[in-house]
Amino acid sequence: PLAENSYDFECGNDARNLKIAIKHNVFHTITIQADIAKLIDFSGGTKKVEMIRLRKCFKATRIIWPEYTGNIKRLYISNCDSLRRLDISSLTNIDEISILNCHQLEEITGLSPTIKEINIHHTKVSAINILPNSKLQKINVSTFSPELKINVESQPNLQIIYCEILPHKSQKGDVLIVNAN
């Protein structure tokens with residue numbers, strides 16, 4: 001632990017399956033770097049953790065969340081090159097999600113109506129499904145997918161939408177579909 005309310009875990013090349021169980025009330029931020037871990041498992045609990053940062057988990061293909069995740073407000077994931085699908089449906093009180101340089105990520109499911117900010121950059125995400133009447137205020141997306149669909153219908157709090165389709169060597173055409181009423 002570097003500070004009283006944060007926990008940094010850098011396992012480098014030591015673990016292929018990483019299981020984290022936070023049972024103390026003092027940690028509010030967890031930062032994890034696990035170079036070769038294929039599975040990141042929080043099912044042991046996250047207690048009072050408000051922010052999770054996963055970085056340089058190059059081989060991670062799956063993240064398992066605990067049954068109760070009510071305190072997690074912010075999720076930051078970067079450089080998880082093998083992650084193709086991310087289900088955050090159990091993060092019921094999430095305010096902000098930022099995903100950077102997860103080049104294989106194609107799908108994010110389970111966005112909560114509590115979400116206020118979505119930042120997704122340098123992925124292959126092709127669709128973002130947001131529930132009507134959520135607290136969403138900002139969407140910032142850049143993707144390598146040749147098509148991006150975002151339904152922002154019935155989003156009274158939405159203030160900023162920025163979307164960019166990034167060039168890719170095999171890309172032939174760009175389609176951006178935004179449904180806003």
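Residues numbered from 1 in each chain as written. Predicted model: local features only at pLDDT ≥ 70, side-chain atom pairs only at ≥ 80, totals over all residues. Heavy atoms only, no water.

A.B. asks: Tell me about the pattern of salt bridges, residues and numbers included.
C.D. replies: This model, assessed by the stated rule, comprises four salt bridges. Between Glu107 and Arg85 there is a salt bridge, and its shortest N-O distance comes to 3.4 Å. Highlighted residues: Glu107 in strand S10 (residues 107-109) and Arg85 in strand S8 (residues 85-87), separated in sequence by 22 residues. You can call Glu107 partly exposed: its relative accessible area is 35%. For Arg85, a relative accessible area of 45% puts it in the partly exposed group. Taking the shortest distance from any N to any O, the salt bridge between Glu117 and Lys138 comes out at 3.6 Å. One end of the pair, Glu117, is in strand S11 (residues 117-123); the other, Lys138, is in strand S13 (residues 138-143), with 21 residues separating them in the sequence. Glu117 sits in the partly exposed class, given a relative accessible area of 23%. Owing to a relative accessible area of 25%, Lys138 belongs among the partly exposed residues under this scheme. (Salt bridge = Lys/Arg side-chain N within 4 Å of Asp/Glu carboxyl O. Helix = DSSP H or I, 4+ residues; strand = E, 2+ residues; numbered from the N terminus. Buried < 20%, exposed > 50% of the residue type's maximum accessible area, 1.4 Å probe, protein only.)

A.B. asks: Go over unusual backbone geometry, please, and point to the residues and values.
C.D. replies: Positioned with a positive phi, Lys56 is a non-glycine residue whose angle comes to about 50°. Along the chain, the position of Lys56 falls in the loop between strand S5 (51-55) and strand S6 (62-64).

A.B. asks: Outline the environment of Ile88, listing residues and values.
C.D. replies: By secondary structure assignment, the location of Ile88 is in the loop between S8 and strand S9 (96-100). Separated by 24 residues in sequence, Ile88 and Ile64 have C-alpha atoms that sit 9.3 Å apart. Once you skip the residues sitting within four places of it in the chain, Ile88 turns out to touch Trp65, Leu75, Ile97, Thr109, Gly110 and Leu111. (Contact = heavy atoms within 4.5 Å.)

A.B. asks: Tell me what's going on with the pairing of strand S14 (residues 147-151), and back it up with residues and numbers.
C.D. replies: Successive side chains on a regular strand alternate, one facing one side of the sheet and the next facing the other. In S14, alternate side chains face the same way, and those of Leu148 and Ile150 are buried while those of Glu147, Lys149 and Asn151 on the opposite face are not. One ladder, built from three bridges, connects strand S12 (residues 127-129) with S14; its direction is parallel. In the strand pairing of S14, Ile128 is matched with Ile150. (Pairing = 2+ DSSP bridges.)

A.B. asks: Describe the packing of aromatic side chains, listing the residues and the values that go with them.
C.D. replies: Counting across every chain of the model gives one aromatic pair. Centroid distance Phe42 to Trp65: 5.4 Å. Interplanar angle 5°. Geometry classified as stacked. Taken as a pair, Phe42 in the loop between strand S4 (39-41) and S5 and Trp65 in the loop between S6 and strand S7 (74-78) lie far apart in primary sequence, 23 residues in all. Taken as a pair, Phe42 and Trp65 share a single burial class, namely buried. (Phe/Tyr/Trp six-rings, centres within 6.5 Å; stacked < 30°, edge-to-face > 60°.)

Note that every value here comes from positions in space, so none of it alone points to a role or purpose.
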